[in-house]
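Coordinate inspection notes
Letter by letter, the chains look like this.
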Amino acid sequence: MTLLDVQNLWVKFPNRQGVFDAVRGVSFSLGRERLGIVGESGSGKSMTGRAILRLIRKPGIVQADHIALEGRNLLNLPEVEMRKVRGQQISMVMQDPKFSLNPVMRIGDQIMEAYLLHNRTSKAQARAKSLEMLRAVSINDPERVMRAYPHEMSGGMGQRIMIAMMLIPDPKILIADEPTSALDVSVQRQVLDIMDGLVKERGMGLIFISHDLNLVSEFCDRVLIMYAGQIVEVCDADKLHDAQHPYTQGLLQSLPRLDQPRKYLPVLQREDDWQKAPIAGDQA
Amino acid sequence: MIKVENLNVWFDDGYDRVDAVRGASFNVNQGESFGLVGESGSGKSTILRAMTGLAPTWSGRIEIDGLALHGHKRNRDFYKTVQMVFQDPYASLHPRHSVDQVLGEALHLQGFRDIDTRVVKLLDDVGLDRKFRFRYPHQLSGGQRQRVAIARALAGEPKVLLLDEPTSALDVSVQAEILNLLTDLREEHGLTYLMVSHDLPVIGHMCERLAVMKSGEIVEVMDVTQLRQMQAKHPYSQELIGVSVAH
C-alpha cells in the first residue's frame, strides 16, 4: 500500500546567476517500509525530505506534479491544514539534537507540549504518555530525564528524546534526516534498533536520509541513490553492493575496509554525464 | 618520537572534577602512524590537547622528539616540531582571512623570509590549484578547506602531525582523497602521525598501531594485523570491532 507518492519533485533557489536546482525531478513512492536516501552533501537528499513537509523557506521554490499523502496532494493544502499534517501525519527527526531541542525548557515540558498540541487531554495524562514514550525509546530513568534540561543529556539520549517526541502523535510517516551521524558507533546502533522496533510495531513508513552507505544497506529495505539533485539508482538494500551505477560503485570503493588493506583508496572520478543521466526514479 | 607515560588529565577541581584521561602510556616511533580510537568522551582528543598545551591541568610525562613537556606553555621549537590538524575545517579557518593570509601568517610566525615561494609550494604539496591562493574559506569546499588546514600545519616543516578526526566532517569520497594525501605527505616528509578517530576502518587504513580507549583509560594497544584478524584481547575492543565490521 502506498502511503506517500512523490512525482517529479523540483526544488529551486533563485540566485544572482539564475536559478539553482537543488532537486531535479525526483519521483518515488513509499509504502510501509524503510526507504533509504543516500548521497553526498549537496546531492539534494535533505532538500527532498524537507520539501515533502513544505519546509523549504522562501525564496526557495518547491514544484511537483504531486506529493500525495494517501491520495491527498500536500502541495495544494493551505498552511493551516499543512500544520496538521506536520507532526501528526508526517514527523521529522533532524540531525543534531542540540539544535532541535529548546535549551531553556525542561525536556518533560517539551514532550508534553508536543502531546497537548495534538490531543485534548489533561496534563496528568500527557505526563503519563510522555513517560511511557521515554520508556519506549529505552530511557531507564524517565522521571529524571523529564526534569532535566537538554544540555544535561548526551547526544544519544538527546536523539532518543527527539524520537520519542516525534512518535507521540503516532504519525504515519517518519522522516529521519541523518538521525545518527552526530552519534558514536556504539550508540548509533542502539538508536537504530529503537527506531527499527517502533517502525515495525506501528507499521509506519520510514524515510531514512543518510550519507552512510553501509548503514543504509543494513538498516533499510530499499535505497535511492542521489547525485546532483537526481535519483541515479534505486536498488534493494541488501543488493547495494551489486549496484550498477558508477557513482554508487565509486562511493562504495572509497570506503576504507578492515579486511582489505591497501595503500591508496580509490578516489571517485566524477563524470559529467551523471548529471544528465536519465531519471532512474520513475519506476521507484 | 612521542613518549607518553602515566598521563592524567583532569578538568575542574573539587566536587566537579572530571578525570578525562587516567594513567595513559604509549610510545610512537619515528615515522610511525599511531591511532587512538574510542567513543566520544573516552579522552582520546584530550591526550592531543594536553600535548599541545590546550588542556593545562595534567600530570605524568610527555616527551616529544627527546624533549619533555611541562605545564601548558610551549615554545617556538615545540611548534616547529609538532602541529595539529583539527576536526572541523569549517571552524578551524578564520572566515575573513584568505588562504594566502592563513598560510602567510603561519610561515611568518615560523620565521621564514621567502614567504611568497613557500605559499606556492605548500599549495602544491597539498594538491590545491594556485588559483585558490586568494580565496576565502567560504569559497572552498570542505575537502579543500581541510587541505588548507593541512598546508597550514605543514608550514613550519614539522616532524609530528597530531590529527584530530581529520575526515569525520567530510563525505566518504572526499575522505578518500584526504587520507590518500596524508599517506603521500607522510612518505614525502617523513612525518610521524598521531591520529584520533572514532572510525576503526579509517584508523586501520592509516595506522600501524593503535590504542583503544574507554572512559579515560587505554584498555589495549595492538597493531593493525591484530585488528584486521580481530584478535583483540579486551572485551571492549572486541565489541568496538564487532560494531564496526557489522556495517
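Residues numbered from 1 in each chain as written. Chains lettered and ligands numbered in written order. Predicted model: local features only at pLDDT ≥ 70, side-chain atom pairs only at ≥ 80, totals over all residues. Heavy atoms only, no water.

Moving on, we get to the overall build of chain B. Helix and strand counts for chain B stand at nine helices and 10 strands. Compactness check: chain B gives a C-alpha radius of gyration of 18 Å against a globular reference of 18 Å for 247 residues, within 12% of the reference. The dimensions of chain B, computed from C-alpha atoms along their principal axes, are 50 × 40 × 35 Å. Within chain B, buried positions represent 54% of all 247 residues. Look at the contacts in chain B between residues 6 or more apart in sequence, and 64% of them connect residues 24 or more apart. (Helix = DSSP H or I, 4+ residues; strand = E, 2+ residues; numbered from the N terminus. Rg over C-alpha atoms; globule rule 2.2 N^0.38 Å. Buried < 20%, exposed > 50% of the residue type's maximum accessible area, 1.4 Å probe, protein only. Contact = heavy atoms within 4.5 Å.)

Our focus in this paragraph is the sheet that holds strand 3 (residues 33–37) of chain B. Two modes of strand pairing occur in sheets, parallel and antiparallel, and in both the strands are linked by backbone hydrogen bonds. All names here are of chain B. In spatial order, the strands read 6-7-8-3-9-10; together these six strands make up an open sheet with mixed pairing. The two strands at the open ends of the sheet, each matched to only one other strand, are strand 6 (82–85) and strand 10 (217–223). Neighbour-to-neighbour, the strand axes of this sheet turn through a mean angle of 20°, independent of strand direction. Pairing geometry for strand 6 and strand 7 (residues 160–164), over four bridges, is parallel. (Pairing = 2+ DSSP bridges. Axes fitted to C-alpha atoms, helices over the stretch in contact; angles between N-to-C directions.)

The next subject is the nonpolar core. Formed by 59 residues in total, the largest nonpolar core has its most connected members in Ile 161 and Phe 208 of chain A. Broken down by element, this core gets its largest block of residues, eight residues, from helix 7 (residues 155–167) of chain A. The residues contacting Ile 161 of chain A, other than those within four sequence positions of it, are Leu 101, Ile 107, Ile 111, Leu 134, Ile 139, Val 145 and Met 153 of chain A. The next biggest cluster of nonpolar side chains, apart from the first, holds 51 residues, and it includes Leu 154, Met 206, Val 212 and Met 222 of chain B. (Core = buried A, V, L, I, M, F, W, Y, C linked by side-chain atoms within 4.5 Å.)

Bringing the side chain of Ser 43 of chain A into the picture now. All names here are of chain A. For Ser 43, the position within the fold is in the loop between strand 3 (34–38) and helix 1 (45–52). Classification of Ser 43 as buried rests on a relative accessible area of 2%. Here the side chain of Ser 43 touches Glu 40 through a polar contact of 2.8 Å, landing on its backbone oxygen. When sequence neighbours within four positions are dropped, the list of residues in contact with Ser 43 reads Ala 22, Met 226, Tyr 227, Ala 228 and Gly 229. (Polar contact = N/O pair within 3.5 Å; in protein donor to acceptor, adjacent residues only side chain to side chain.)

To continue, consider the interface of chain A and chain B. With 26 residues of chain A at the contact, the number on the chain B side is 25 residues. Carbon and sulfur atoms make up 59% of the surface buried where chain A meets chain B, a total of about 2,500 Å² over both sides. Where chain A meets chain B, there are one salt bridge. When the shortest N-O distance is used, the salt bridge between Glu 187 of chain B and Lys 263 of chain A registers 2.9 Å. For the interface between chain A and chain B, the tally reads eight residue pairs in polar contact (both at pLDDT 80 or more). Elements with a contribution of two residues or more to the side of chain A that touches chain B: helix 8 (185–202) and helix 9 (213–219) of chain A. Considering every element that reaches the side of chain A that touches chain B, the biggest residue donor is helix 8 of chain A, with four residues. For the side of chain A that touches chain B, the class distribution of residues is 12 nonpolar, six polar and eight charged. (Buried area = accessible area lost by both parts, 1.4 Å probe. Salt bridge = Lys/Arg side-chain N within 4 Å of Asp/Glu carboxyl O. Nonpolar A, V, L, I, M, F, W, Y, C, P; charged D, E, K, R; others polar.)

Turning to the UniProt feature "domain: ABC transporter" (unreviewed entry) in chain A, a few remarks are in order. When the UniProt feature table is mapped onto this chain, "domain: ABC transporter" (unreviewed entry) is found at residues 4–253 of chain A. Helix and strand shares over residues 4–253 of chain A are 40% and 27% respectively, and the end C-alpha atoms of the span are 33 Å apart. (UniProt positions renumbered as here; feature names shortened; annotations may be inferred.)

Before going further, it helps to spend a moment on helix 6 (residues 172–189) of chain B. Residue and element names in this part refer to chain B. Look at helix 6: 25 Å from first C-alpha to last across 18 residues, which is about the 26 Å you get at 1.5 Å a residue. The buried fraction of helix 6 amounts to 13 of the 18 residues, a majority that puts the element mostly inside the structure. In the segment just after helix 6, Gly 190 is the residue with positive phi, at about 60°. (Expected span 1.5 Å × (residues − 1).)

The next thing to look at is the sheet that holds strand 3 of chain A. All names here are of chain A. Strand order across the open sheet formed by six strands is 7-8-9-3-10-11, with mixed pairing between neighbours. The sheet is open, and its two edges are formed by strand 7 (90–93) and strand 11 (230–236), each paired on a single side. Taken over all neighbouring pairs, the strand axes of this sheet differ in orientation by 20° on average, direction set aside. Relative to strand 11, strand 10 (residues 222–227) runs antiparallel, the two being bridged by six bridges. Across the sheet, Tyr 227 pairs through a bridge with Gln 230, a residue of strand 11. Against the sheet, helix 8 engages strand 3, strand 8 (173–177) and strand 9 (205–210), with an angle of about 155° to strand 9. Across the sheet, helix 10 (residues 246–253) lies against strand 10 and strand 11, angled at about 100° from strand 10, the strand it touches most.

With that out of the way, let us pick up the confidence of the model for chain B. Here chain B averages 91 in pLDDT, while 99% of its residues score no lower than 70. The ipTM assigned to the predicted complex is 0.77, against a pTM of 0.82. (pLDDT = per-residue confidence, 0-100.)

In this section: empty space enclosed by the protein. Across all of its chains, the model carries one cavity of 30 Å³ or more by this definition. Approximately 40 Å³ is the volume attributed to the largest cavity. Forming the boundary of the largest cavity are Val 38, Gly 39, Glu 40, His 211, Leu 213 and Leu 251 of chain A together with Asp 171 and Val 172 of chain B. (1 Å grid on protein atoms, 1.4 Å probe; cavity = no way out; pocket = protein on both sides within 12 Å on 5 of 7 lines; lining within 4 Å. Points joined across faces, edges and corners; volume = space filled by probe spheres on them.)

Let us now look at the layout of surface pockets. It is the rolling of a water-molecule-sized probe over the atoms that shows where space remains empty. Residues and elements named next belong to chain A. One number sums up the size of the second largest pocket: a volume of about 830 Å³. Around the second largest pocket sit 23 residues that line it, and Arg 86, Gly 87, Leu 117, His 118 and Met 166 are the ones nearest its centre. For the lining of the second largest pocket, the secondary-structure elements that each account for two or more residues are helix 2 (79–88), strand 7, helix 4 (107–118) and helix 7.

With that settled, consider the pattern of salt bridges. All names here are of chain A. Inspection of every chain in the model, using the stated rule, returns 33 salt bridges over all chains. Residues Glu 81 and Arg 72 are paired through a salt bridge, measuring 3.8 Å at the closest nitrogen-oxygen approach. Look at Arg 72 and you get partly exposed, because its relative accessible area is 34%. Asp 170 is paired through a salt bridge with Arg 202; the nearest N and O atoms lie 3.1 Å apart. With Asp 170 in the loop between helix 7 and strand 8 and Arg 202 in helix 8, this residue pair connects regions lying 32 residues apart in the sequence. Note on Asp 170: relative accessible area 46%, which makes it partly exposed. Relative accessible area serves as the criterion here: at 30%, Arg 202 is assigned to the partly exposed category. One salt-bridge network, held together by shared partners, links Arg 34, Asp 196, Lys 200 and Asp 221.

All right, on to the pairing of strand 2 (residues 18–30) of chain A then. Regular strands place their side chains on alternate faces of the sheet. All names here are of chain A. Pairing geometry for strand 1 (residues 4–15) and strand 2, over 10 bridges, is antiparallel. The residue of strand 2 that forms the bridge with Asp 5 is Ser 29. The turn joining strand 1 and strand 2, which pair antiparallel and follow one another in sequence, is formed by two residues.

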